[in-house]
Amino acid sequence: MSNMAESPTFDVQQKTNRLDIVLSSSMDLIDRADSVVKHVMKDHGLDRLGFAVRVVMREGLTNAVRHGHHHDPAKLIHFHLAFGKDRLTMVIEDQGEGFDWKTAMTRATLENSDGTLRDHGRGFLIMDEYFDSWTYNEKGNVLTLVKNLSS
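So, how was this worked out
- Residues numbered from 1 in each chain as written.
- Predicted model: local features only at pLDDT ≥ 70, side-chain atom pairs only at ≥ 80, totals over all residues.
- Heavy atoms only, no water.
- Pairing = 2+ DSSP bridges.
- Helix = DSSP H or I, 4+ residues; strand = E, 2+ residues; numbered from the N terminus.
- Axes fitted to C-alpha atoms, helices over the stretch in contact; angles between N-to-C directions.
- Contact = heavy atoms within 4.5 Å.
- Buried < 20%, exposed > 50% of the residue type's maximum accessible area, 1.4 Å probe, protein only.
- Polar contact = N/O pair within 3.5 Å; in protein donor to acceptor, adjacent residues only side chain to side chain.
- Expected span 1.5 Å × (residues − 1).
- 1 Å grid on protein atoms, 1.4 Å probe; cavity = no way out; pocket = protein on both sides within 12 Å on 5 of 7 lines; lining within 4 Å.
- Points joined across faces, edges and corners; volume = space filled by probe spheres on them.
- Nonpolar A, V, L, I, M, F, W, Y, C, P; charged D, E, K, R; others polar.
- Parallel < 35°, antiparallel > 145°, perpendicular 65-115°, else oblique.
- Left-handed = near helix turned anticlockwise from the far one by under 90°.

Novice: Help me out: how do you make sense of the sheet that holds strand S3 (residues 76-83) in this one?
Specialist: Sheets are built from strands paired through backbone hydrogen bonds, the pairs being either parallel or antiparallel. Spatially, the six strands line up as an open sheet ordered S1-S2-S3-S4-S6-S5, and their pairing is antiparallel. Unpaired on one side and paired on the other, strand S1 (10-15) and strand S5 (133-136) mark the two borders of the sheet. In this sheet, adjacent strand axes meet at a mean angle of 10° when their direction is disregarded. Pairing geometry for S3 and strand S4 (residues 87-93), over six bridges, is antiparallel. Within S4, the residue paired with histidine 80 across the bridge is valine 91. Sitting on the sheet, helix H1 (residues 27-43) is in contact with S1, strand S2 (18-24), S3 and S4, with an inclination near 170° to S2.

Encoded structure:
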């Protein structure tokens, strides 16, 4: 048996209107995913949406690593980006236990009662700002976001 750690997973599959990335739960791999998405957005003529998609993607992947997997590199994150005629759909799925997103969403605000910035909860506000709709599955480990392209 080898004492060497397994190399991290970073698998990219690109089809005509879909990008799938499977990555180990590692903050370092988020930068690689970001680079791939940046190029794919450009290839699809969606440079104008690149920042919005990438900032939300980074937030979602970061939350999967930190909160969903507690930095466990053995767990995988599945990222999907689909390009339709009128909309873009992004899905981020982790292997964590999930969370009560409905309760967390009601508490989401940028500031604590004393006016200091909170260290969590900003993701909901970021998703609201850059995507037209988003939801989690009941368990709270699959995030689906939709951006309308016709507007």
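Novice: What exactly am I supposed to notice about the environment of arginine 58 here?
Specialist: Tracing the backbone shows arginine 58 in helix H2 (residues 47-68). The partly exposed category is assigned to arginine 58, whose relative accessible area is 31%. Measuring from C-alpha to C-alpha, the distance between arginine 58 and isoleucine 30 comes to 6.6 Å, with 28 residues separating the pair along the chain. When neighbours within four sequence positions are excluded, arginine 58 is seen to be in contact with Ile30, Asp31 and Asp34.

Novice: Would you mind going over the side chain of histidine 69 with me for this structure?
Specialist: Tracing the backbone through its elements, the reader meets histidine 69 in the loop between H2 and S3. There is a polar contact of 3.0 Å between the side chain of histidine 69 and the side chain of serine 25.

Novice: I keep staring at H2 and nothing clicks. Help me out?
Specialist: One full turn of an α-helix is made of 3.6 residues, so residues set three or four places apart face in the same direction. Its 22 residues give H2 an end-to-end C-alpha distance of 30 Å, which sits within 8% of 32 Å, the value for a rise of 1.5 Å per residue. For H2, the complete set of buried residues consists of Leu49, Gly50, Ala52, Val53, Val56, Met57, Gly60, Leu61, Thr62, Ala64, Val65 and Gly68. Of the residues trailing H2, histidine 70 is marked for its positive phi of about 50°.

Novice: Would you mind showing me how to read the layout of surface pockets here?
Specialist: If a probe as big as a water molecule is rolled over the atoms, it shows which places are left empty. Quantified by volume, the second largest pocket comes out at close to 170 Å³. What lines the second largest pocket is simply Glu6, Ser7, Pro8, Thr9, Ser24, Pro73, Ala74 and Leu76. Tallied by class, residues from the lining of the second largest pocket come to four nonpolar, three polar and one charged.

Novice: What should I look at first to understand the packing of H2 against helix H4 (residues 122-130) in this one?
Specialist: Working note: a packed helix pair is described by the angle between its axes plus the distance between those axes. In the contact formed by H2 and H4, the axes pass within 10 Å of each other and the chain directions differ by 160°. On the basis of the axis angle, H2 is roughly antiparallel to H4. For the crossing formed where H2 meets H4, the hand is left-handed. Where H2 abuts H4, its residues Phe51, Ala52, Val55, Val56 and Glu59 lie against Gly123, Ile126, Met127 and Tyr130. Of the residues belonging to the contact of H2 with H4, the class tally is seven nonpolar, one polar and one charged.

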